[in-house]
Amino acid sequence: MPLLYVAQSVEGHLSREGLREVAGLLGITTAEVEAVATFYTMYRLRPTGRHVVNVCTNLSCALLGGKDVLEAAYGAAGMRHDQDASEDGAITIHEEECLGVCDFAPAVQIDFANHDRVTPDRMAELIGSLRAGEVPAPSRGSAPESFRGACRLLAGLEEVPA
Amino acid sequence: MTFEPRLTRDWDDPSVATLDGYVAKGGYEGLRSALEEEPGDLIQLAKDSGLRGRGGAGFPTGLKWGFVPQDTGKPTYVVVNFDESEPGTCNNRELVERDPHRLLEGTAIAALAIGCRTAFIYVRGEYLWQALVLQRAIDEAYTRGYLGSGICDSDVDLDVVLHRGAGAYICGEETALLNSLEGLRGQPRLRPPFPAVEGLYDCPTVVNNVETLMNVPDIVVRGAEWFRSVGTEKSPGSKMFTISGKVERPGNYELPLGTPFRSLLEDAAGGVLGGRSLKAWTPGGSSTPLLTAEHIDVMLDYESIAAAGSLLGTGAVMVLDESDCVVEAARRMVAFYAHESCGKCTPCREGTWWAMRVLGRLEDGYGREADVPLMTEMGGNIMFRAFCALADGAAAVIESSLEHFRDEYQEHVRLGRCPFEAVEELAEAAS
């Protein structure tokens, strides 16, 4: 599983070539690797933008307007629901299941950094910052520079920041 | 009622997230004491304390440790379940953010109890930053000799390995978690054999929840009697409750087991949002049957919640107020199970998908007279028909919402629309 994050950190998603590369390194078949890659939602099989925005619409978030936040994200990014990424390549949007921050609902993650109690207006602001090339400060912790940067952290390729 | 917080007592002090801060508060004293004890005595202590697994099932922790055979010639493993994915649940996240060393200490003591030399912590992938906090704590503990070879100047070696998941609710189920830890698809395994006998890499394994293990250091230092001094006879100790949804102050609150729900809702969380009235709530995450306003004085412990017809689960309370539609909430929850079903068992894979479709039809105004009995039948066909409890969670939503809110379902059919949407539209038109 860490190797899949490594592969994803290179291309922003897992391409056929990436899956074959991982299979070769592990000495197993591409089908075995693909079986794992397709099981987990954090492995992306379609191309992603520079940043991946996850919006939770599970119950606690939905009760407090999570669906509206999701729509605001699509609106601000100028995206249809069936698009992999925004035209400028900055944003991919993903409707998420429970992100484990129900105490700060509605919950949003940008490259897996948490943004708490996000309103539709705030969502539009966040998307605006991302499209302008900025990385907004998360509610807790620090933010990866990009989705690929987040994958490098997930793969354990980078030192733990102090 | 005066209750001295246990797991959350140092939450106001950010320094406890560091090793020095934790040690200054008496941290790792439990591990030092445990190193003086025989493993059998540690297991007996856990049994005497009555500590029960906080991850949902409430299984006695000491009993679980005691099931691990010591004569197989294989290594034994402690695996920490930090997959926390049950909708509505986020106490493990905050416990680790604020006090990561308490988890490492509890893990180390569990390892001593079962003779484990390598422990694993399985963190859900979405907890990117929390895993970094934990990895930093692990690194610190190695540097200072609390982990690694010869921990605390003893002759015991202990390694702790952090493993990240990649987004799958089912990996909170312990056998699915073990498959995922081995690098496979996270699908549950047939039991028996139970993990205690054949778990990780077919070796004897204990899987414990984060909150469970964080109770262990204090039990070692202060004893089983102290632990039992709060809570109830069969549900001793305190529990973390996450309350979210329509409340004034959502958050994680630590309360003695046996606290009335009213106290969590009104005293801790400030009551229902905007002074509205309570309609329904989940006592332990979306997998536990819904309760209603009638149950406001039910006590929050394993036995009382079971007597009320639900389960304490993870202690994750999600609150719906009078303006929320139960059919829509059920649709949303069942859609979650349909998405997260691992696909192994037909009743779950197909049943959750079909239930989601029928609930969607009802909510969107295309429901038929026959849909309400159909939902009842589907709930019955899903419950207890699959390998693991994921599908039971979906069935619990269906059955409990029908039990308490059948009229609301029928109103959807009669009107040919969601009765609550009309109210919202009128409110919008008026504003």
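Keep in mind it's a predicted model, so treat the numbers as computed, not measured.

1. Quick word on the overall build of chain A
And step 1. Scanning chain A for helices and strands turns up 7 helices and 4 strands.
And step 2. The order of α-helices and β-strands along chain A, N terminus first, is α-α-α-β-α-α-β-β-β-α-α.
And step 3. Projected onto its principal axes, the C-alpha positions of chain A cover 50 × 40 × 30 Å.
And step 4. Split into buried and exposed, the 162 residues of chain A put 51% on the buried side.
And step 5. Counted over contacts in chain A with a minimum sequence separation of 6, partners at least 24 positions apart contribute 63%.

2. Details of the sheet that holds strand 4 (residues 205-209) of chain B
Note on sheets: strands pair through backbone hydrogen bonds, and any given pair is parallel or antiparallel.
Residue and element names in this part refer to chain B.
And step 1. In spatial order, the strands read 3-2-1-4; together these 4 strands make up an open sheet with parallel pairing. Where the open sheet ends on each side, the last strands, each with one partner, are strand 3 (159-164) and strand 4. Ignoring which end each strand starts from, the neighbouring axes of this sheet average 20 degrees apart.
And step 2. As paired elements, strand 1 (residues 77-82) and strand 2 (residues 118-123) share 6 bridges and run parallel to each other. Of the residues in strand 2, the one forming a bridge with Asn81 is Tyr122.
And step 3. Across the sheet, helix 8 (residues 174-181) lies against strand 1, strand 2, strand 3 and strand 4, angled at about 105 degrees from strand 1, the strand it touches most.
And step 4. Along the sheet face, helix 9 (residues 210-222) touches strand 1 and strand 4 and points at about 90 degrees away from the line of strand 4.

3. As for the packing of helix 2 (residues 29-36) of chain B against helix 9 of chain B
Residue and element names in this part refer to chain B.
And step 1. One can describe the packing of helix 2 onto helix 9 by two numbers: an axis separation of 8 Å at closest approach and a directional angle of 60 degrees. Put simply, helix 2 runs oblique to helix 9. In this structure, helix 2 meets helix 9 at a crossing whose hand is left-handed. Side by side, helix 2 and helix 9 meet where Glu29, Gly30, Ser33 and Ala34 of the first sit next to Pro217, Asp218, Val220 and Val221 of the second.
And step 2. Classifying every residue of the contact of helix 2 with helix 9 by side-chain character gives 4 nonpolar, 2 polar and 2 charged.

Thresholds applied
Residues numbered from 1 in each chain as written. Chains lettered and ligands numbered in written order. Predicted model: local features only at pLDDT ≥ 70, side-chain atom pairs only at ≥ 80, totals over all residues. Helix = DSSP H or I, 4+ residues; strand = E, 2+ residues; numbered from the N terminus. Buried ≥ 20, exposed ≤ 12 C-beta atoms within 10 Å, placed from the backbone. Contact = placed C-beta atoms within 7 Å. Pairing = 2+ DSSP bridges. Axes fitted to C-alpha atoms, helices over the stretch in contact; angles between N-to-C directions. Parallel < 35°, antiparallel > 145°, perpendicular 65-115°, else oblique. Left-handed = near helix turned anticlockwise from the far one by under 90°. Nonpolar A, V, L, I, M, F, W, Y, C, P; charged D, E, K, R; others polar.

By themselves these figures say nothing about function.
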